[in-house]
Number of protein chains: 2
Amino acid sequence: MKPIRSLTLLLSSSGPHFVPRTHRCAPATCRRRLTVSRSLQAYQVPKSRKRPDAVMAPTATTLKGQPLDKPVLDAMLRRRMFYTPSFEIYGGVGGLYDYGPPGCSLQANIVDLWRKHFVLEEDMLEVDCTVLTPHDVLKTSGHVDKFADWMCKDPKNGEILRADHFVEAILEARLNGDKEARGEKVEEKDDPKKKKKKAKSEAVRLDDAVVQEYEEVLARIDNYDGPQLGELIKKYDLKNPATGVLPSDPVAFNLMFQTSIGPSSNLPGYLRPETAQGQFLNFAKLLEFNQGQMPFASASIGKSYRNEISPRAGLLRVREFLMAEIEHFVDPQGGKKHHRFHEVEHIELVLLDRDTQLSGKTVTRKIAIGQAVKGGLVDNETLGYFLARIHLFLERIGVDLSKMRFRQHMQNEMAHYACDCWDAELLTSTGWVECVGCADRSAYDLNVHAKRTGAPLVVRERLEEPLVIEEWQVDIEKKKFGPLFKKDAKTVEAALLATSQEERETLSKQLDAAGKLTLDVAAVDGGKVEIGSDAIKIEFRKRVENTREFTPNVIEPSFGIGRILYSLIEHNFWTRGSDGGDEARGVLSFPPTVAPTKVLIVPLSSNAQFKPILKKLSQQLRSLGVSSRVDDSSASIGKRYSRNDELGTPLGITVDFQTLQDSTITLRDRDSTTQVRAEEGKILEAIKSLVDGSKSWDKVASGLPKFEGQEVEVAVR
Amino acid sequence: MKPIRSLTLLLSSSGPHFVPRTHRCAPATCRRRLTVSRSLQAYQVPKSRKRPDAVMAPTATTLKGQPLDKPVLDAMLRRRMFYTPSFEIYGGVGGLYDYGPPGCSLQANIVDLWRKHFVLEEDMLEVDCTVLTPHDVLKTSGHVDKFADWMCKDPKNGEILRADHFVEAILEARLNGDKEARGEKVEEKDDPKKKKKKAKSEAVRLDDAVVQEYEEVLARIDNYDGPQLGELIKKYDLKNPATGVLPSDPVAFNLMFQTSIGPSSNLPGYLRPETAQGQFLNFAKLLEFNQGQMPFASASIGKSYRNEISPRAGLLRVREFLMAEIEHFVDPQGGKKHHRFHEVEHIELVLLDRDTQLSGKTVTRKIAIGQAVKGGLVDNETLGYFLARIHLFLERIGVDLSKMRFRQHMQNEMAHYACDCWDAELLTSTGWVECVGCADRSAYDLNVHAKRTGAPLVVRERLEEPLVIEEWQVDIEKKKFGPLFKKDAKTVEAALLATSQEERETLSKQLDAAGKLTLDVAAVDGGKVEIGSDAIKIEFRKRVENTREFTPNVIEPSFGIGRILYSLIEHNFWTRGSDGGDEARGVLSFPPTVAPTKVLIVPLSSNAQFKPILKKLSQQLRSLGVSSRVDDSSASIGKRYSRNDELGTPLGITVDFQTLQDSTITLRDRDSTTQVRAEEGKILEAIKSLVDGSKSWDKVASGLPKFEGQEVEVAVR
């Protein structure tokens with residue numbers, strides 16, 4: 001429980017003063033945090049290459065191009081219980097949300113389509129691994145050490161500050177004060193949210209040398225660690241404007257939720273920050289399940305957890321979230337080709353590449369993925385294949401393609417071992433939101449787990465022609481070696497076998513010279529072992545290989561379902577009637593496939609004669625696999641339709657007195673509000689074809705008698 | 001972090017000495033623990049009414065009545081990666097399992113059917129609430145105080161013992177020793193697992209009075225708390241046979257996983273032990289979403305967590321598990337009728353009622369649920385309706401009805417406020433496993449949360465005729481009251497309004513006599529408040545009511561998906577060929593609806609000409625919504641079919657050289673291994689009708705030409 005306790009002493013509960021933004025920590029974890037829960041829009045790369053996104057980002061608009069009124073949308077989402085703050089009657093907890101019935105159904109439909117689009121379409125091996133994860137696993141993956149933010153505390157008011165944000169804000173305020181004093185124009189901040197929160201500048205002129213020094217610090221702000229940030233605070237006397245005192249020294253705050261597994265506390269564990277590790281740990285079993293065949297992909301849909309310091313962006317930054325991740329394992333040799341790449345190579349993607357960002361621009365270009373891979377813009381076919389598949393998925397669920405782009409990661413955003421990484425970003429009222437990450441992770445994860453556990457996370461392939469190899473080989477004298485290291489023997493052996501040819505040559509020389517060698521083994525006490533020449537031999541000799549052994553590389557598309565869901569809501573939202581003088585009424589124009597409910601059934605009145613008809617219609621729709629909901633409340637038909645427009649229900653059936661006579665019912669299209677009337681069977685058939693996407697409303701409407709009837713357009717609530 | 005820390009001091013990591021069994025803790029939580037993760041078979045009700053289950057339980061059998069060889073089944077499930085211990089390459093963690101591809105798919109299919117059978121069929125309001133839950137919520141629900149086991153530690157070897165089990169085992173051993181010394185027959189323990197572990201008895205004769213005293217203790221063993229168990233240990237000098245020393249005093253071990261939410265540690269939280277609380281907390285919003293209409297049900301599918309002391313029963317007792325829970329809210333007035341009860345009243349259930357168990361028997365009776373409710377055996381229609389619906393669900397997914405029963409809870413198993421509770425139990429090789437609990441929980445949860453938060457978790461109904469009520473009424477003088485209690489004002493007000501008529505009368509007298517009153521308010525510092533007559537009045541007077549206000553009762557069907565999944569596997573498992581001299585080969589005869597994959601497609605050989613046909617077949621099946629998998633490995637067709645029998649794939653298609661000529665393919669039935677051959681289109685049509693359940697294999701086979709061909713029955717592996 002150490003990390004939590006140490007924090008108890010140093011940090012209070014109040015939120016940080018500055019809006020958090022992209023976190024640049026160590027390789028293994030930086031990427032992951034970016035993927036799902038970081039960096040809404042304010043990528044703060046060093047000054048010289050700051051992304052001018054938000055400045056240039058168009059104002060958020062609705063599906064119909066109207067200005068998007070976020071408070072109106074938020075109120076509607078709450079009223080219709082798409083989602084709601086968790087534990088609200090207890091005062092709520094930041095970053096935790098419950099999905100109500102429509103949100104829950106929308107989420108289930110997105111997940112269902114995801115499973116069909118990826119898992120079933122490509123025979124991926126889906127696994128469901130536990131959220132509880134023991135310490136050792138996340139120590140190896142790098143999360144225990146690196147998945148952290150540097151925090152300091154104001155000793156006077158207890159405010160918690162993110163150290164890098166704090167230093168940045170104060171220095172920027174001083175530079176702005178300097179500009180003011182010099183009578184220069186102070187440039188606008190690029191983040192509208194941050195503007196409100198930034199430290200207030202005073203018009204104080206600085207020495208030219210100081211200005212240069214501050215600018216240099218700001219350009220490198222992402223590269224300082226905690227102690228260095230602490231030094232900067234002292235060196236430049238950076239006081240918290242709120243209290244006038246210096247904050248405490250920065251301490252690392254790990255963002256994983258910690259717990260203890262079992263009755264004693266000697267098995268510390270965490271809630272996983274991603275689903276990926278479970279897939280990596282099962283690699284050998286999955287390969288066997290796949291009968292040894294490569295390439296293959298595993299997939300997982302499940303909750304992950306990140307203990308965000310001060311989550312404030314609704315569904316876009318939460319502490320508990322649903323992820324869907326794919327780990328596609330591929331042979332690193334042969335250019336990472338993909339056998340279905342030809343099926344997607346013509347698909348045009350909107351790309352924002354690294355060089356463009358470096359030049360300070362956000363100009364995107366539309367380019368066929370085939371061409372992008374050929375020209376080297378996207379590293380390889382497999383990565384390109386998944387970018388195209390992600391594009392198709394987002395299109396399929398109803399994302400507005402004009403509000404989607406793929407942004408390439410900058411070199412300093414990526415893990416050192418990653419070859420290339422692109423985020424699918426969706427434009428919302430909060431700016432560009434990264435919703436899907438797609439990275440080539442090389443062999444990093446499999447390698448570190450194999451090294452730590454000794455498990456062979458490799459593929460063995462029969463060679464058609466045996467290879468003769470001359471190399472440094474390690475021979476272990478098991479009888480001596482075992483007793484020497486006891487329980488650590490396996491770990492030490494794994495570390496030995498993981499040595500490179502160069503290292504072996506050096507070790508061999510040590511052995512010859514001193515009769516023993518010293519090896520770094522991080523996982524044993526002391527971090528080092530000594531092995532004498534009685535327990536080990538290292539020789540340069542020939543070896544014939546009949547099989548090739550390799551660690552696969554991993555291409556990882558990683559989806560944040562909550563972020564996609566929220567962006568999808570914004571992309572499909574618009575208001576009706578605002579121009580006609582009536583109160584504007586919200587509509588969510590979800591495609592039928594993802595709409596929470598497909599059909600609303602409304603009786604004209606509460607007349608008992610309608611009851612059996614409503615029941616029969618529900619049953620018939622159910623047997624067609626179409627979800628429906630009856631609204632037999634006393635509100636007017638217009639009001640009931642408006643309510644369902646807000647819920648995104650694409651179709652509405654009305655049962656009225658004519659139905660009792662001739663079994664005809666009306667069918668209403670949510671988006672156009674036009675209606676047709678026909679005999680029950682025909683309407684059900686039309687519904688089936690609209691829901692499975694085989695016909696459009698225009699097609700259906702042209703084949704059935706138009707109806708202009710009971711709908712009275714009255715504003716809801 | 002206190003509870004975890006205090007345990008660190010007292011308990012080590014070694015497992016308890018005796019097999020854990022039904023936990024009898026306090027009302028609010030006892031029931032829940034029983035529901036999903038407790039009491040595999042050894043219900044240890046006090047001696048006089050001990051359930052003789054295991055003694056009488058028939059030997060576990062396969063679907064075909066063969067003796068069930070559990071090691072063979074377990075090996076098969078591992079080999080086919082239905083599930084696998086989590087983090088196995090790191091040595092594994094008890095009670096945590098990952099589902100591999102077939103297990104994951106089986107689980108998804110069960111959940112999908114559950115959602116169709118319950119949520120969609122009855123328009124339930126599905127919600128998805130967070131797993132992270134703040135301390136206050138679970139304090140109110142009773143879990144923080146009561147969801148615990150009493151544990152003690154052997155100071156010599158660090159062994160962790162469950163206190164009640166320990167006392168019981170030692171006293172039973174002494175009584176057995178006494179019987180031996182008296183030359184009486186020692187009765188067999190009813191739990192085969194426990195037999196191995198029980199304390200060894202020595203033939204020592206006890207005084208008659210001592211025998212009686214021991215027997216009295218054992219009869220009441222479930223009613224002692226920790227300190228009492230500690231006293232018994234000292235009084236009777238109960239030493240741990242393994243070390244010869246007395247264990248430490250019992251300490252409570254809370255079974256919830258604890259963590260800390262946010263950057264400071266002043267918001268302690270837990271991983272939820274059930275999904276129910278999130279549904280209760282959202283009650284008011286759900287009622288509004290349902291337009292105020294009663295009754296209605298919410299539903300939730302999600303993971304829950306229980307930090308079991310020493311989980312050892314595979315999927316039957318795990319620390320992280322998937323639950324599906326329904327909370328059906330119903331007006332307590334009017335006998336809890338259900339408007340669809342007539343649809344199920346004829347359904348016959350196998351019931352094991354309370355009285356039968358009290359008489360020491362396990363004789364079940366088959367009785368129509370209509371009759372059971374009418375006769376008062378099952379408390380009310382709504383409860384009866386859900387028992388029948390649970391029966392239908394389990395039947396639909398493929399549970400063996402001859403291995404299913406509903407067992408009524410004993411009075412001391414139930415919460416004090418619960419009216420009635422029945423468990424759906426499935427017979428497996430471990431005995432009767434409770435897989436679904438179905439309880440009438442009265443208004444307990446809504447009441448405690450409303451009382452604690454002041455939120456009105458009630459239904460308001462317009463009365464047709466206004467009611468005139470004469471009663472004690474509380475008037476609060478807000479201007480005095482607010483400043484008096486500041487932040488606690490709301491809490492104190494809620495406590496005042498929650499007082500009964502009797503309490504109000506007493507308080508009124510206090511107020512008259514002393515000019516002030518004293519009220520217990522657990523949630524404020526000190527637990528008591530004083531209120532003067534300037535801030536409050538309590539009067540007996542008339543009041544006219546136009547609306548009726550009530551707290552709904554809750555009927556809660558609660559499903560442990562992992563237990564159902566495992567039991568379903570056992571119920572559908574059998575072996576083929578064991579009588580013919582060949583090695584026995586496992587088959588899982590899942591119904592097509594839940595089978596992980598519906599169709600296996602095998603090419604006769606790896607001939608390239610087959611490739612396009614395989615691809616086309618896969619695509620055609622996918623467009624029919626039927627999942628398939630191609631096995632083009634080099635194993636013989638018989639081997640490939642056997643592999644898929646183990647995976648429970650109901651249908652197999654073979655593509656051979658004849659296919660190239662006349663487009664015919666063969667279709668194989670997993671259970672009978674008979675095959676038919678016909679033109680592709682006809683086979684696909686047959687598959688569709690087999691998978692959607694509209695035709696049986698016999699029907700299909702009688703309409704298509706029989707095929708006796710390539711299958712060679714060879715054992716797999």
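Bear in mind the structure is a predicted one, so any value in this text is a computation, not a measurement.

Participant: How should I be thinking about the overall build of chain A in this particular structure?
Facilitator: Regarding its fold elements, chain A presents 27 helices and 29 strands. Of all 717 residues assigned to chain A, the portion counted as buried reaches 60%. Long-range contacts, defined here as pairs at least 24 residues apart, represent 71% of the contacts in chain A between residues at least 6 apart. About 28900 Å² of surface is accessible on chain A, with carbon and sulfur atoms providing 50% of the total.

Participant: It is not clear to me how the sheet that holds strand 29 (residues 706–707) of chain A should be interpreted in this structure. Could you clarify?
Facilitator: In a beta sheet, neighbouring strands pair by backbone hydrogen bonds and run either parallel or antiparallel. All names here are of chain A. Spatially, the six strands line up as an open sheet ordered 25-24-26-27-28-29, and their pairing is mixed. What marks the edges here is a single partner per strand, and that holds for strand 25 (628–630) and strand 29. With five bridges joining them, strand 27 (residues 664–669) and strand 28 (residues 675–679) adopt antiparallel strand pairing. Looking across to strand 28, one finds that arginine 668 is bridged to glutamine 675.

Participant: Just to check I follow, could you spell out the pairing of strand 5 (residues 148–153) of chain B for this structure?
Facilitator: Remark: a regular strand shows side chains that alternate across the two faces of the sheet. All names here are of chain B. As paired elements, strand 5 and strand 7 (residues 251–254) share four bridges and run antiparallel to each other. Note that in strand 7 the partner of aspartate 149 across the bridge is phenylalanine 253. As paired strands, strand 5 and strand 6 (residues 160–162) are joined by three bridges and run antiparallel to one another. Of the residues in strand 6, the one forming a bridge with cysteine 152 is leucine 161. With antiparallel pairing between neighbouring strands as the criterion, strand 5 and strand 6 make up a hairpin whose turn holds six residues, including glycine 158 at a positive phi of roughly 75°.

Participant: Just to check I follow, could you spell out empty space enclosed by the protein for this structure?
Facilitator: Over the atoms a probe the size of a water molecule is rolled, and this reveals where empty space is left. All names here are of chain B. All chains considered together, the criterion is met by 12 cavities of 30 Å³ or more. Approximately 230 Å³ is the volume found for the largest cavity. Lining the largest cavity are 20 residues, and of these Tyr99, Val318, Glu320, Phe321 and Leu322 sit closest to its centre. Looking at the lining of the largest cavity, the elements with two or more residues in it are helix 2 (27–37), strand 2 (97–99), strand 11 (320–330) and helix 22 (561–572). Split into classes, the residues belonging to the lining of the largest cavity amount to 10 nonpolar, five polar and five charged.

Participant: Sorry if this is basic, but what is going on with the relation of the copies chain A and chain B here?
Facilitator: Turning one copy of the chain about an axis and sliding it along that axis gives the other copy, so a rotation and a shift relate them. Superposing chain A onto chain B takes a rotation of 180° plus a shift of 0.0 Å along the axis, which leaves an RMSD of 0.1 Å. Both copies are brought into coincidence by an operation consistent with a two-fold rotation axis. Proximity to the rotation axis, assessed at the C-alpha, singles out Thr259(A) in chain A; its C-alpha lies 2.6 Å from the axis. Of all interface residues in chain A, 100% are interface residues in chain B too; the two copies therefore contact each other through one and the same surface.

Participant: Is there a simple way to explain the packing of aromatic side chains in this structure?
Facilitator: The geometry of two aromatic rings is summed up by the distance between their centres and the angle between their planes. Under the criterion given, the structure shown has 33 aromatic pairs over all chains. Across from the ring centre of Phe118(A), 5.8 Å away, lies the NZ or CZ of Arg389(A), which sits over that ring.

Participant: Is there a simple way to explain a nonpolar patch on the surface in this structure?
Facilitator: Residues and elements named next belong to chain A. On the surface, Leu604, Phe657 and Leu660 cluster together into a nonpolar patch covering about 220 Å² of accessible area. One can find leucine 660 in helix 25 (residues 657–662). Given a relative accessible area of 33%, leucine 660 falls into the partly exposed group.

Participant: Explain the sheet that holds strand 9 (residues 268–271) of chain A here, please?
Facilitator: Residues and elements named next belong to chain A. Here we have three strands laid out as an open sheet, ordered 4-9-8, and antiparallel in their pairing. Where the open sheet ends on each side, the last strands, each with one partner, are strand 4 (132–134) and strand 8 (258–260). Shown here is a sheet whose adjacent strand axes are inclined to one another by a mean of 40°, direction ignored. Pairing of strand 4 with strand 9 involves three bridges; the strand directions are antiparallel. Within the sheet, the bridge partner assigned to threonine 133 lies in strand 9 and is tyrosine 270.

Participant: Hey, could you run me through the pattern of salt bridges in this one?
Facilitator: Pairing between side chains of opposite charge can happen when the charged atoms of each approach one another. Tallied over the full model, the rule gives 99 salt bridges over all chains. In this structure, the salt-bridge partner of Lys615(B) is Glu343(A), at a minimum N-O distance of 3.9 Å. A residue pair is termed interchain when its members come from two chains, as with Lys615(B) in helix 23 (residues 611–623) and Glu343(A) in helix 14 (residues 341–344). The exposure class assigned to Lys615(B) is partly exposed, which follows from its relative accessible area of 46%. Taken together, the salt bridges that share partners define one network made up of Glu121(A), Arg340(A), Glu343(A), Lys615(B) and Arg622(B).

Participant: Please clarify how helix 21 (residues 501–514) of chain B should be interpreted in this entry.
Facilitator: Residue and element names in this part refer to chain B. End to end, helix 21 covers 20 Å across 14 residues, agreeing with the expected 20 Å (1.5 Å per residue, within 8%). Each element contacted by the buried residues of helix 21 is listed here: strand 17 (459–476), helix 20 (489–497), strand 18 (516–520), strand 19 (528–532) and strand 20 (536–550). Two residues or fewer after helix 21 comes glycine 515, characterised by a positive phi angle close to 75°.

Participant: What exactly am I supposed to notice about unusual backbone geometry here?
Facilitator: It is generally the case that most residues other than glycine have a negative phi and that most peptide bonds are trans. Residue Pro295(A) is bonded to the preceding Met294(A) through a cis peptide linkage, with omega at -10°. As for its position among the elements, Pro295(A) is in the loop between helix 13 (283–289) and strand 10 (296–305). The phi torsion at Asp123(B) lies on the positive side, around 50°, for a residue other than glycine. Within the fold, Asp123(B) resides in the loop between helix 5 (101–120) and strand 3 (125–126). For Asp123(B), a relative accessible area of 36% translates into the label partly exposed. Residues other than glycine seldom take positive phi values, yet Gln291(B) does so here, at roughly 55°. Relative to the helices and strands, Gln291(B) is located in the loop between helix 13 (283–289) and strand 10 (296–305). On the accessibility criterion, Gln291(B) (33% relative accessible area) is partly exposed.

Participant: Is there a simple way to think about the interface of chain A and chain B in this case?
Facilitator: How big an interface is tends to be expressed through the accessible area that disappears when the partners come together. Listed as interface residues are 89 residues of chain A and, on the opposing side, 89 residues of chain B. Counting each side, the surface lost to burial between chain A and chain B is near 7400 Å², with a carbon and sulfur contribution of 60%. One can count eight salt bridges joining chain A with chain B. In this structure, the salt-bridge partner of Lys303(A) is Asp128(B), at a minimum N-O distance of 3.7 Å. Class assignment of the residues belonging to the side of chain A that touches chain B gives a composition of 40 nonpolar, 25 polar and 24 charged.

Participant: I tried to follow the packing of helix 19 (residues 478–485) of chain B against helix 20 of chain B on my own but got confused; where do I start?
Facilitator: Two quantities define a packed helix pair, namely the angle between the helix axes and the distance between the axes. Residue and element names in this part refer to chain B. Running from amino to carboxyl end, helix 19 crosses helix 20 at an angle of 120°, the nearest separation of the two axes being 8 Å. Classed by the angle they form, the pair helix 19 and helix 20 counts as oblique. Contacts from Lys478, Phe481, Gly482 and Phe485 in helix 19 reach Ala489, Val492, Glu493 and Leu496 in helix 20. When grouped by side-chain class, the residues that make up the contact of helix 19 with helix 20 number five nonpolar, one polar and two charged.

Participant: Just to check I follow, could you spell out the state of the cysteines for this structure?
Facilitator: Note on terminology: disulfide describes a covalent bond linking the sulfur atoms of two cysteines. A complete count under the given rule lists zero disulfides over all chains for this structure. The thiol sulfur of Cys129(A) is not disulfide-bonded, and the nearest other cysteine sulfur, from Cys104(B), lies at 8.3 Å. Residue Cys104(B) is classed as buried on the basis of its relative accessible area of 5%.

Participant: Sorry, what's going on with the side chain of Asn282(A) here?
Facilitator: Tracing the backbone through its elements, the reader meets Asn282(A) in the loop between helix 12 (276–281) and helix 13. The exposure class assigned to Asn282(A) is buried, which follows from its relative accessible area of 4%.

Participant: When you look at the environment of Lys64(A) in this model, what are you seeing that I'm missing?
Facilitator: Mapping Lys64(A) onto the fold places it in the loop between helix 3 (53–56) and helix 4 (70–79). Once the C-alpha coordinates of Lys64(A) and Asn572(A) are considered, the two residues, 508 residues apart in sequence, prove to be 8.9 Å apart.

Participant: Before we go on, may I ask you to explain the environment of Lys116(B) in this structure?
Facilitator: As for its position among the elements, Lys116(B) is in helix 5. For Lys116(B), a relative accessible area of 40% gives the class partly exposed.

Participant: Please clarify how the confidence of the model for chain A should be interpreted in this entry.
Facilitator: Low pLDDT means the predicted coordinates in that region are not meant to be read closely. Residue and element names in this part refer to chain A. Residues at a pLDDT of 70 or more form 88% of chain A, whose mean pLDDT is 85. Throughout residues 1–57 the model reports pLDDT below 50, and contacts reaching past four residues in sequence, or to other chains, amount to 214 contacts. Note on residues 711–717: pLDDT is under 50 here. Beyond four places in sequence and across chains, it has 24 contacts.

Participant: Can you walk me through the environment of Cys152(B) in this structure?
Facilitator: Tracing the sequence through the fold places Cys152(B) in strand 5. Along the backbone, Cys152(B) and Pro247(B) are 95 residues apart, and their C-alpha atoms lie at a distance of 6.1 Å.

Conventions we followed
Residues numbered from 1 in each chain as written. Chains lettered and ligands numbered in written order. Predicted model: local features only at pLDDT ≥ 70, side-chain atom pairs only at ≥ 80, totals over all residues. Heavy atoms only, no water. Helix = DSSP H or I, 4+ residues; strand = E, 2+ residues; numbered from the N terminus. Buried < 20%, exposed > 50% of the residue type's maximum accessible area, 1.4 Å probe, protein only. Contact = heavy atoms within 4.5 Å. Areas by Shrake-Rupley, 256 points an atom, 1.4 Å probe, with all protein chains shown as cover. Pairing = 2+ DSSP bridges. 1 Å grid on protein atoms, 1.4 Å probe; cavity = no way out; pocket = protein on both sides within 12 Å on 5 of 7 lines; lining within 4 Å. Points joined across faces, edges and corners; volume = space filled by probe spheres on them. Nonpolar A, V, L, I, M, F, W, Y, C, P; charged D, E, K, R; others polar. Least-squares fit on C-alpha atoms with pLDDT ≥ 70 in both. Phe/Tyr/Trp six-rings, centres within 6.5 Å; stacked < 30°, edge-to-face > 60°. Lys NZ or Arg CZ within 6 Å of the ring centre and 35° of its normal. Patch = residues over 30% accessible without salt bridge, like charges linked within 9 Å, V, L, I, M, F, W, Y side chains within 5 Å. Salt bridge = Lys/Arg side-chain N within 4 Å of Asp/Glu carboxyl O. Axes fitted to C-alpha atoms, helices over the stretch in contact; angles between N-to-C directions. Expected span 1.5 Å × (residues − 1). Buried area = accessible area lost by both parts, 1.4 Å probe. Parallel < 35°, antiparallel > 145°, perpendicular 65-115°, else oblique. Disulfide = S-S within 2.5 Å. pLDDT = per-residue confidence, 0-100.

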